[in-house]
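Here are the chains, one letter per residue:
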Amino acid sequence: MMILPQLPLYVIAIICGLLSFFVTRLFMPKIIRKLEEADIVGKDIHKSWKPVVAEMGGFGIIFGFVIGMFSGIYMHDLLAFPLIVVLVVILLVGMIGILDDLLALSSKSKFFLLFIAGLPLMWAAPPNVGILYLITIPIALSIGSNLTNMLAGLNGIESGLGVISMTSLTIACIILGKYDVTIISMSMLGALLAFLYFNRYPAKIFPGDTGTLIIGAAIVCIAFIGRVKLIALIVLMPNIIDAALKFYSAGVMNRSQQKPTQLNDEGKLVRPDVGFKSLIRLILRKPIAEKDAVKIIWAIGIAFGILGIIVALVMPGMLESKTLMNFLQIKEMFYHLG
């Protein structure tokens with residue numbers, strides 16, 4: 001039985017988002033202090049004075065997200081099962097992020113562990129789907145988590161893109177009437193907004209892989225549970241472009257093989273003469289201040305976020321297209337293969 005039946009789903013989603021925001025905002029200073037005391041810190045190499053900054057700030061994002069999700073489960077227990085599944089997946093991905101931050105996992109190990117973490121999401125799949133569709137879910141989660149982990153390294157870039165993605169997905173889901181998954185997107189959005197306050201330039205804390213991996217995992221969870229995979233793909237395009245540039249220029253790299261973006265005498269970012277290509281280095285045709293480079297990446301993310309919203313707006317009309325209907329029939333056949 002629903003505990004608070006008088007509250008519409010969108011109101012519950014807003015409450016979840018607000019709770020996750022205030023919890024993260026309240027506890028983030030304490031988390032920063034504890035991480036500094038534990039010497040879990042790193043140098044901010046993109047500043048000439050090389051400040052020492054707390055790392056693994058994803059703890060705060062996870063904490064706020066968990067509170068938001070538990071609130072959603074409490075206020076609308078009819079959605080308890082899919083929300084609990086998502087919560088389990090995000091916690092597992094967060095644990096893998098902790099291992100990666102502490103042990104620097106290889107690319108293959110991280111991909112495999114993320115695949116395992118994505119297996120519970122299969123229980124939230126539509127009924128009567130085939131094994132081929134089910135296997136794509138943990139594969140997509142592993143890929144999505146790695147994508148948001150790769151476009152990183154500048155103050156606020158990961159959390160800012162996460163805020164943009166979650167905002168776009170929330171609006172798109174509201175347009176399409178998928179209010180249930182807005183509990184997930186708003187819970188993550190609230191936590192990321194609060195975290196961005198501390199992660200923006202000049203950063204007081206870095207998210208670490210603990211934080212970056214769960215952003216992609218949340219996007220994939222929303223994509224499959226809300227059945228908004230096309231929109232999720234669109235909002236992830238900055239990350240996809242970045243990954244494509246890196247794979248094209250250097251293949252799969254481990255962290256030890258990566259060379260950081262450099263600083264010139266004026267303290268501006270410049271791309272190295274040699275090394276892999278990336279979205280960040282693509283915009284560094286001339287020296288740019290770090291915060292300006294981040295704003296350009298955010299602008300790219302906003303452009304794709306708006307495109308995702310536009311797709312959500314026109315999607316009902318697109319369903320009347322015979323060509324699209326034929327494509328959807330082929331897609332439905334894929335769901336039941338295996």
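It should be emphasised that the depicted structure is a prediction, and the values quoted were computed from it without experimental measurement.

Caption draft 1: A look at the environment of N239. Mapped onto the elements, N239 comes out in helix α10 (residues 237–250). Accessibility expressed as a relative area gives 5% for N239, which makes it buried. Between the C-alpha atoms of N239 and G301, which are 62 residues apart in sequence, the distance is 8.9 Å. Beyond its immediate sequence surroundings of up to four residues, N239 is in contact with L147, T148 and L151.

Caption draft 2: Representation of the environment of I214 in the model. Looking at the element boundaries, I214 is found in helix α8 (residues 208–225). Between the alpha carbons of I214 and V93 there is a distance of 6.0 Å; along the sequence they are 121 residues apart. Those residues in contact with I214, other than ones at most four positions away along the chain, are I61, I62, I90, V93, G94 and M188.

Caption draft 3: Quick peek at the packing of aromatic side chains. Enumeration over the complete set of coordinates arrives at 5 aromatic pairs. Seen from their ring centres, F27 and F63 are 5.1 Å apart, and the 85° between their planes marks the pair as edge-to-face. Taken together, the positions of F27 in helix α1 (residues 9–37) and F63 in helix α2 (residues 58–75) put the pair 36 residues apart, joining distant regions of the chain. With relative accessibility at 34%, the residue F63 sits in the partly exposed group. Over the face of the ring belonging to F276 we find R281, whose NZ or CZ atom lies 4.2 Å from the ring centre.

Caption draft 4: Fine view of helix α3 (residues 80–103). Spanning 24 residues, α3 covers 34 Å between terminal C-alpha atoms, matching the ideal 34 Å at 1.5 Å per step. By the burial criterion, the buried members of α3 are A80, L83, V85, V86, L87, V89, I90, V93, G94, I96, G97 and D100. Where the residues of α3 are buried, they touch α2, α4 (107–118), α5 (131–150), α7 (182–199) and α8.

Caption draft 5: The arrangement of the side chain of D242 in detail. Its place among the elements puts D242 in helix α10. Since its relative accessible area comes to 1%, D242 is described here as buried. If we skip the residues at most four places from it in the chain, D242 touches M150, L151, S278, L279 and I280.

About the criteria used
Residues numbered from 1 in each chain as written. Predicted model: local features only at pLDDT ≥ 70, side-chain atom pairs only at ≥ 80, totals over all residues. Heavy atoms only, no water. Helix = DSSP H or I, 4+ residues; strand = E, 2+ residues; numbered from the N terminus. Buried < 20%, exposed > 50% of the residue type's maximum accessible area, 1.4 Å probe, protein only. Contact = heavy atoms within 4.5 Å. Phe/Tyr/Trp six-rings, centres within 6.5 Å; stacked < 30°, edge-to-face > 60°. Lys NZ or Arg CZ within 6 Å of the ring centre and 35° of its normal. Expected span 1.5 Å × (residues − 1).

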